[in-house]
Amino acid sequence: MKNKILALVLARKNSIRLKNKNILKLGQKPLIGWTLSDISRLKKNFDDILISSDSIKILKIGKSYKFITIKRPKKFASKNSSSESTALHALKFYTQKFKKKISHIFLFQPTSPFRSKKNILKAIELSNKFKQKRIISCKKVRNKLIINGNIYICPTKILKNKGSFESKTYIPLIINSKKQNIDIDNIDDFNTAKTYVK
């Protein structure tokens, strides 16, 4: 039996190092648009798609893709709010409103705009094979695996019990592409991303 996967995008309005980064134009669309476009092209692989944000602009962009949106409460929108607590809030909202069971959350972070279709599908395949394990994308640096923030799939039971997307024991999805490993945190990262966009 295949996993029941909720594609979840968490996107705050304010960011510390790069102001309004989720809606900054990267090429012809806002940064978050790259992630939403990826999900839209592969939507048949997800049971549902949910955008959680405290930004009206971001929620409007999410609605333009016909995705479910949730206005994030202030307590889940501060610089100290964790992705895990925000994800659990979104999951609770979804299950209570739609009365559907979700077995796994696929976390899409808008700061990783260059995921490949191949790696998204590979992550889902690994998740269906290792149902009780987290699937996390990594890059290799001096023969060490470093989590790159590109892909996280976590069983909902583990997220509820452990309260974390990360773990010392997980199934790695190794990504070697420099482009795909970009994680936008500051202006230098954003300028690097621009070099890959025509």
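This text goes with the structure placed above it.
Residues numbered from 1 in each chain as written. Predicted model: local features only at pLDDT ≥ 70, side-chain atom pairs only at ≥ 80, totals over all residues. Heavy atoms only, no water.

Chemist: I'd love a proper account of the overall build of the chain, names of residues and values included.
Modeler: Secondary structure assignment for the chain yields six helices and nine strands. In terms of C-alpha radius of gyration, the chain reaches 16 Å, essentially the compact-globule figure of 16 Å for 198 residues. With the principal axes as the frame, the chain shows a C-alpha extent of 40 × 40 × 30 Å. Looking at the chain residue by residue over its 198 residues, the buried ones come to 50%. (Helix = DSSP H or I, 4+ residues; strand = E, 2+ residues; numbered from the N terminus. Rg over C-alpha atoms; globule rule 2.2 N^0.38 Å. Buried < 20%, exposed > 50% of the residue type's maximum accessible area, 1.4 Å probe, protein only.)

Chemist: Please set out the layout of surface pockets residue by residue, giving values where relevant.
Modeler: The volume enclosed by the largest pocket comes to roughly 590 Å³. Every residue lining the largest pocket is counted, 24 residues in all, and those nearest its centre are Arg-12, Lys-21, Ser-83, Gln-109 and Thr-111. For the lining of the largest pocket, the secondary structure elements donating two or more residues are β1 (5-11) and α3 (83-98). A class-by-class count of the residues in the lining of the largest pocket yields seven nonpolar, 10 polar and seven charged. Volume-wise, the second largest pocket comes out at about 230 Å³. (1 Å grid on protein atoms, 1.4 Å probe; cavity = no way out; pocket = protein on both sides within 12 Å on 5 of 7 lines; lining within 4 Å. Points joined across faces, edges and corners; volume = space filled by probe spheres on them. Nonpolar A, V, L, I, M, F, W, Y, C, P; charged D, E, K, R; others polar.)

Chemist: An account of unusual backbone geometry is needed here, citing residue identities and associated values.
Modeler: For Lys-99, which is not glycine, the phi dihedral falls at a positive 55 degrees. Following the sequence through the fold, Lys-99 ends up in the loop between α3 and β6 (104-108). A positive phi angle, close to 50 degrees, is found at Arg-142, a residue other than glycine. Positionally, Arg-142 belongs in the loop between β7 (135-141) and β8 (144-155).

Chemist: Residue-level account of the nonpolar core, with values.
Modeler: Side chains of nonpolar character tend, in soluble globular proteins, to be buried together. Core analysis: the largest hydrophobic core is formed by 25 residues, its most contacted members being Ile-39, Phe-46, Phe-106, Phe-108 and Ile-120. Listed by contribution, the elements that provide at least two residues to this core are β1, α1 (31-41), β4 (48-53), α2 (56-64), β6, α4 (117-129), β8 and β9 (171-174). In this view, Phe-46 contacts Ile-5, Ala-7, Ile-39, Phe-106, Phe-108, Ile-120 and Ile-124; residues no more than four positions away in its chain are not counted. If you look at the next biggest cluster of nonpolar residues, it comprises 21 residues, including Ile-70, Tyr-94, Ile-102 and Cys-154. (Core = buried A, V, L, I, M, F, W, Y, C linked by side-chain atoms within 4.5 Å. Contact = heavy atoms within 4.5 Å.)

Chemist: An account of the environment of Thr-35 is needed here, citing residue identities and associated values.
Modeler: Secondary-structure assignment places Thr-35 in helix α1. By relative accessible area, Thr-35 is classed as buried at 0%. Separated by 54 residues in the primary sequence, Thr-35 and His-89 have C-alpha atoms spaced 21 Å apart. Thr-35 has contacts with Val-9, Phe-108, Gln-109, Pro-110, Ser-112 and Arg-115, leaving out every residue within four places of it along the chain.

Chemist: Provide a residue-level description of the environment of Ile-61, including the pertinent values.
Modeler: For Ile-61, the position within the fold is in helix α2. Sequence spacing of Ile-61 and Pro-30 is 31 residues, and the spatial spacing of their C-alpha atoms is 9.1 Å. Residue contacts for Ile-61: discarding those within four places in its chain leaves Ile-23, Pro-30, Ile-32 and Leu-36.

Chemist: Would you mind going over α3 in detail, with residue names and values included?
Modeler: With 16 residues, α3 extends 22 Å between its outermost C-alpha atoms, agreeing within 8% with the 22 Å of an ideal straight helix rising 1.5 Å per residue. Those residues of α3 that fall on the buried side of the exposure criterion are Glu-84, Thr-86, Ala-87, Ala-90, Leu-91 and Tyr-94. The buried residues of α3 occupy one face: seen down the axis, they fall within an arc of 160 degrees. The exposed residues of α3 that point more than 90 degrees off its buried face are Lys-92 and Lys-97. For α3, the elements touching its buried residues are β1, β4, β5 (68-71), β6 and α5 (156-162). Phi turns positive one or two residues past the end of α3, at Lys-99, with a value near 55 degrees. (Expected span 1.5 Å × (residues − 1). Arc of directions from axis to C-beta.)

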